[in-house]
Amino acid sequence: RWTAKLVAMLVGCFLSFLILECYVRWFDPFPILLRGGRIDLPIRSKLTFSSQGISGLDPTIRVSYNALGFRGPEPPIHWSEAETMICVGGSTTQCLYLSDGTTWPDQLASQFSASGRNLWINNAGIDGHSTFGPLQLLQQYVLPLHPRSVLFLVGLNDVDRVDLGKSD
């Protein structure tokens, strides 16, 4: 009798996990930017959430991504003639908890604009990436664009890691 109950419980657990797996794959409640060794950027998407009263943050945080999957304005129409810069890094570059227009790449763009330079700057930061992530981002997305410059703020996520080999 207890064997039948155990089998029923195991079948129930298996079916529950199967249903949960299907749900997560279909609705993707946790967007993952790495799929099969390739970075999958959130192209033309918007994210709005509450700062839950954290001092110094906007009450409602708005994060949007352009046609390239980066934070910032859409790419210039005449790319080859424009001054272009892409900022690459981890969470300190992405600035997920800062609304559009308030990240440090946005502030850098404002400084250049105030000085009269017409420089298009975009934020290609990805939260949680070690230096390996920005290298993949550089190869897969940034280099094919041929920006005039790339500014890196990387390395913080590599501090005190014990899982890195000599080749890393």
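Everything numeric here is computed off the predicted structure, so don't read it as measured data.

Here the focus is the nonpolar core. Leu 41, Phe 70, Ile 86, Leu 137 and Val 142 are the most contacted members of the largest nonpolar core, which totals 14 residues. Those elements that place two or more of their residues in this core are β5 (83-89), β6 (119-125) and α4 (132-145). The element contributing the most residues to this core is α4, with 4 residues. Once you skip the residues sitting within four places of it in the chain, Val 142 turns out to touch Phe 70, Ile 86, Val 88, Leu 137, Pro 147 and Val 150. In this structure, Cys 87, Ala 109, Leu 119 and Ile 121 belong to the second largest nonpolar core, which totals 6 residues.

Before going further, it helps to examine empty space enclosed by the protein. As enumerated under the stated definition, the model contains 1 cavity of 30 Å³ or more in all. Of the voids in this model, the largest cavity is the one considered here, and its volume is about 60 Å³. Lining the largest cavity we find Leu 33, Leu 41, Pro 42, Tyr 65, Gly 69, Phe 70, Arg 71, Gln 94, Asn 123, Ala 124, Gly 125 and Ile 126. Of the residues forming the lining of the largest cavity, the biggest block, 3 residues, is contributed by β6. Considering only residue class, the lining of the largest cavity consists of 7 nonpolar, 4 polar and 1 charged.

Here we come to the pattern of salt bridges. Pairs can form between side chains of opposite charge once their charged atoms are near each other. Taken as a whole and assessed by the stated rule, the structure comprises 2 salt bridges. Here Arg 71 makes a salt bridge to Asp 100, at a shortest N to O gap of 3.0 Å. Taken together, the residues Arg 71 in the loop between β4 (60-64) and β5 and Asp 100 in the loop between α2 (91-94) and α3 (104-114) connect sequence positions 29 residues apart. Classification of Arg 71 by relative accessible area gives buried; the value is 4%.

For the rest of this paragraph, the subject is a nonpolar patch on the surface. Residues Val 7, Val 11, Phe 14, Leu 15 and Leu 18 make up a contiguous nonpolar surface patch of roughly 470 Å² in combined accessible area. Residue placement: Phe 14 occurs in helix α1 (residues 2-27).

Time to look at the sheet that holds β6. In space, the 3 strands of this open sheet follow the order β6-β5-β7, with parallel pairing throughout. The open sheet has two edge strands, β6 and β7 (149-153), and neither has a second partner. Direction aside, neighbouring strands of the sheet carry axes that sit 20° apart on average. Here α3 sits on the sheet in contact with β5, β6 and β7, set at roughly 170° to β6. Most of the contacts of α4 go to β5, to which it runs at about 165°, and overall it touches β5, β6 and β7.

With that settled, consider the state of the cysteines. Tallying each qualifying case throughout the model produces 0 disulfides. The closest cysteine sulfur to the non-disulfide-bonded Cys 87 is located on Cys 95, 9.6 Å from its own sulfur. The exposure class of Cys 87 is buried, given its relative accessible area of 0%.

Calculation rules
Residues numbered from 1 in each chain as written. Predicted model: local features only at pLDDT ≥ 70, side-chain atom pairs only at ≥ 80, totals over all residues. Heavy atoms only, no water. Core = buried A, V, L, I, M, F, W, Y, C linked by side-chain atoms within 4.5 Å. Buried < 20%, exposed > 50% of the residue type's maximum accessible area, 1.4 Å probe, protein only. Helix = DSSP H or I, 4+ residues; strand = E, 2+ residues; numbered from the N terminus. Contact = heavy atoms within 4.5 Å. 1 Å grid on protein atoms, 1.4 Å probe; cavity = no way out; pocket = protein on both sides within 12 Å on 5 of 7 lines; lining within 4 Å. Points joined across faces, edges and corners; volume = space filled by probe spheres on them. Nonpolar A, V, L, I, M, F, W, Y, C, P; charged D, E, K, R; others polar. Salt bridge = Lys/Arg side-chain N within 4 Å of Asp/Glu carboxyl O. Patch = residues over 30% accessible without salt bridge, like charges linked within 9 Å, V, L, I, M, F, W, Y side chains within 5 Å. Areas by Shrake-Rupley, 256 points an atom, 1.4 Å probe, with all protein chains shown as cover. Pairing = 2+ DSSP bridges. Axes fitted to C-alpha atoms, helices over the stretch in contact; angles between N-to-C directions. Disulfide = S-S within 2.5 Å.

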